[in-house]
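As a plain string of letters, each chain reads:
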Amino acid sequence: MARAESEDRRFDTPKGIRRNAPFRGGSGDNDRFGRFTEWVARGMGTPAFLLGLSVFAIGWMAWNTFAPEPWRFDSIAIGFTALTLVLSLQASYAAPLILLAQNRQDDRDRVQIEQDRQRAERNLADTEYLAREVVALRLAVKDLASKEFIRAELRSILDELDRRDEEEAEHAG
């Protein structure tokens, strides 16, 4: 019962697809297979793999050329047909595995690009907001009284007070 409830809480797949049929693996199996394909693709792109494959092919050809006749399993007379089949089989499996790994990488890149785009949009919106705020501050500072304006006003008030004091002294005396 607990397992059915945990499957019902999954929102990443449509409800009809959640039930695992006997012939289908779960999402963990798909991810495991995807990681396997990436591992194979990474391995096939290494110099060690190419060296190993070369040593294998040279060893195969050397064995079937120089070994005693009853021990040979691939004929040099017909161009190492079994070796060709083995290498063709390896290539027929390698190509789809590499394509699957590439598709997974494309999906990851697509998600990363979308996240980068969203981040760039947020950065642009933040930058535009900050630019508007800077302009608003400049306008507010422009409306503020400057130091010279305040000094001039204080001087004029001081002059007016001095003049009043003189007028009051003349009227009193």
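Asks: Can you tell me about a nonpolar patch on the surface, naming the residues and giving the values?
Replies: Judged by side-chain polarity, Phe-149, Ile-150, Leu-154, Ile-157 and Leu-161 come together as a nonpolar surface patch covering roughly 480 Å² of accessible area. As for its position among the elements, Leu-154 is in helix α6 (residues 147–172). With relative accessibility at 53%, the residue Leu-154 sits in the exposed group.

Asks: Please provide a residue-by-residue account of the pattern of salt bridges, values included.
Replies: As enumerated under the stated definition, the model contains 10 salt bridges in all. In this structure, Arg-108 and Glu-38 form a salt bridge, with 2.7 Å as the shortest nitrogen-oxygen distance. Here Arg-108, found in helix α5 (residues 81–143), pairs with Glu-38, found in helix α3 (residues 27–44); they are 70 residues apart in sequence, far enough to count as distant. Classification of Glu-38 as buried rests on a relative accessible area of 9%. Two residues, Arg-119 and Asp-116, come together in a salt bridge whose shortest N-O distance is 2.9 Å. Placement of the pair is Arg-119 and Asp-116 together in helix α5, with a separation of 3 residues, close to one helical turn.

Asks: Which residues make up the packing of aromatic side chains, and what values do they have?
Replies: Tallied over the entire structure, the rule returns 5 aromatic pairs. Ring geometry for Phe-56 and Trp-60: centres 5.6 Å apart, planes at 65°, overall edge-to-face. Residue Phe-56 and its partner Trp-60 are located together in helix α4 (residues 47–66), separated by 4 residues, close to a single helical turn. Aromatic pair Trp-60 and Phe-73: ring centres 4.9 Å apart, planes at 85°, arrangement edge-to-face. Here the residue Trp-60 occupies a position in helix α4, and Phe-73 occupies one in the loop between α4 and α5, the gap between them amounting to 13 residues. Three or more aromatic residues joined by ring pairs make a cluster, and in this case those are Phe-33, Phe-36 and Trp-39.

What counts and what doesn't
The residue count restarts for each chain, going from 1 along the sequence in the order it is written. Local features are withheld for residues below a pLDDT of 70 in this predicted model, meaning they are given only at 70 or higher, and side-chain atom pairs are given and counted only at 80 or more; totals for whole chains, interfaces and linings count all residues. Where side-chain values are given, they derive from all heavy atoms of the structure, hydrogens and water being excluded. Each patch groups residues whose relative accessible area exceeds 30% and which form no salt bridge, using 9 Å between like charges and 5 Å between nonpolar side chains of Val, Leu, Ile, Met, Phe, Trp and Tyr. Here the Shrake-Rupley method, with its probe set to 1.4 Å, supplies the accessible areas, and only the displayed protein chains count as covering residues. Salt bridges, as used here, are contacts in which a Lys or Arg side-chain nitrogen is within 4 Å of a carboxyl oxygen on Asp or Glu. We count a stretch as a helix when DSSP gives it H or I for four or more residues in a row; a strand needs E for two or more, and each element gets its number in order from the N terminus. Partly exposed describes any residue whose relative accessible area lies between the buried limit of under 20% and the exposed limit of over 50%, with all areas from a 1.4 Å probe on protein chains only and scaled to the type maximum. Centre distance within 6.5 Å is the pairing criterion for rings of Phe, Tyr and Trp, where only the six-membered ring of Trp is used; planes under 30 degrees apart are then read as stacked, over 60 as edge-to-face, and the remainder as tilted.

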